[in-house]
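# Summary of the model geometry
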Amino acid sequence: MINKLVANIKKTNAPVVVGLDPMLSYIPGAILDRAVKKQGETLEAAGAAVWEYNKGIIDATCDLIPAVKPQIAMYEQFGIPGLMAFQKTVEYCQEKGLVVIGDVKRGDIGSTSAAYANGHLGSVTIGNTKCRGFNEDFITVNPYFGIDGVKPFVDVCREEKKGIFLLVKTSNPSSGEFQDQKIDGKPLYEIVGEHVAKWGEECMGDEYSYVGAVVGATYPEMGRVLRKIMPKTYILVPGYGAQGGTAADLKPYFNEDGLGAIVNSSRGIICAYKQEKYAKFGEDGYADASRQAVIDMIEDIRTAL
């Protein structure tokens, strides 16, 4: 799947991923009103509204982008109807040819990680039938259980030709409380990056590994160091836009071939119609506003790189 991600990025010339992270406050009132009128003030109505909202954005942007990244917590808050909307979103994006990065941040002891890996990337066998759960193409994984927690994901990636992005240096302000702590003079995030590169050597695509890394756009100097430590690792870069990362911050994350990183924007795209810059589209044109925000993001990154 890393080969497909790279191919999609080359085809679109757009190293961007749209974060499909819906909140009810993001959804235009007309969409939510229709769902509530049909199903009442219920979780089912919330799930239906999320799905309609997502579909509009996907339809408006799928020809411009290589990938999407739905954050599962935004769906889990609506219980089973929310997870059904997550599943429909994953399947619809794949039908459109997009690579789906499930932002699930899983990780636990070996047997539990194996269950997470099977549920999100692999399959389970029921009788004589192999069944797939959420079936994303990549997922995000927390590596802080060590190899016991990571190996089950790597094993499924190798078997299924899918991928993971391991948390190395996250974009949130307090990430340094743990990730920047030094061990024998070296920051913990560098040690994690070294392990990611090593684990990835065992699971290579044509140009890059199935084992990627998450490194926030808000820490470009750290990104520069980690890019050197992980030359064959694809980097998923959150933090652009609403979290403060700028296009000028992104250059260190890319290799000389112009590849090696994919930049996420969530609120900046899916809530574009709420921004003054895109207010002319109005609520009814929320999807068109998202499309224009994607076009502007792509141009911003191309100019900076």
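Small disclaimer: the values here were computed from a predicted structure and weren't measured. Numbers given to residues run from 1 along each chain, matching the order in which its sequence is written. In keeping with the predicted nature of the model, local features appear solely for residues at pLDDT of at least 70, side-chain atom pairs appear and are counted solely at 80 or more, and the whole-chain, interface and lining totals rest on all residues. Each side-chain value is derived from all of the structure's non-hydrogen atoms; neither hydrogens nor water enter the calculation.

### Here's the deal with the nonpolar core
As a reminder, the rule being used: Residues belong to a common nonpolar core when they are buried Ala, Val, Leu, Ile, Met, Phe, Trp, Tyr or Cys residues joined through side-chain atoms within 4.5 Å. Residue exposure (1.4 Å probe, protein chains only): buried if accessible area is under 20% of the type maximum, exposed if over 50%, otherwise partly exposed. Only DSSP runs of H or I with at least four residues qualify as helices, and only runs of E with at least two residues qualify as strands; both kinds are numbered from the N terminus onward. Contacts are residue-level and defined by heavy atoms, with any inter-residue pair within 4.5 Å sufficient.
Core analysis: the biggest nonpolar cluster contains 100 residues, and L5, L20, I164 and Y234 have the highest contact counts within it. If one sorts the elements of this core by residue count, helix α3 (residues 43–61) sits on top with nine residues. Not counting the four nearest positions on each side in its chain, I164 is found in contact with L121, F138, I139, V141, F153, V154, C157, Y210, V211 and G212.

### What about the sheet that holds strand β10 (residues 211–215)?
What counts, and what does not: If DSSP finds at least two bridges between two strands, the strands pair. As a rule, the C-alpha atoms of each element are fitted with a line to give its axis, helices using only the stretch in contact, and angles between N-to-C directions run from 0 to 180 degrees.
If you walk around this closed barrel you meet the eight strands as β1-β2-β3-β6-β7-β10-β11-β12, and the pairing is parallel. Strand direction decides the pairing type here: strand β1 (residues 16–18) and strand β2 (residues 67–68), joined by two bridges, are parallel. Of the residues in β2, the one forming a bridge with V17 is A67. Helix-sheet contacts for helix α9 (residues 188–201) involve β7 (163–169) and β10, and the interaxial angle to β7 is about 160 degrees.

### Examining the environment of E221
Tracing the chain through its elements places E221 in helix α10 (residues 220–229). Assessed through its relative accessible area of 52%, E221 is described here as exposed. Sequence separation between E221 and K186 is 35 residues; the distance between their C-alpha atoms is 15 Å.

### As for unusual backbone geometry
One non-glycine residue, K161, adopts positive backbone phi at about 60 degrees. Judged by relative accessible area, which is 45%, K161 ranks as partly exposed. Its identity as a non-glycine residue notwithstanding, D184 has a phi of 55 degrees, on the positive side. Within the secondary structure layout, D184 lies in the loop between β8 (182–183) and β9 (186–187).

### Side note on the packing of aromatic side chains
Basically, it comes down to this: Any Phe, Tyr or Trp ring, taking Trp's six-membered ring, that has another such ring centre within 6.5 Å forms a pair; planes under 30 degrees apart are called stacked, those over 60 apart edge-to-face, and the others tilted.
According to the stated counting rule, one finds seven aromatic pairs in the structure shown. Taking the centre distance of 5.5 Å and the plane angle of 85 degrees together, the rings of F86 and F134 count as edge-to-face. With F86 in helix α5 (residues 79–95) and F134 in the loop between β5 (129–131) and β6 (138–141), this pair connects stretches of sequence that are 48 residues apart. Ring centres 4.8 Å apart and planes at 75 degrees place the aromatic pair Y208 and Y234 in the edge-to-face group. You can see Y208 sitting in the loop between α9 and β10 and its partner Y234 sitting in the loop between α10 and β11 (235–237), a full 26 residues away along the chain. Aromatic rings pair up to connect Y53, Y273 and Y286 into one cluster.

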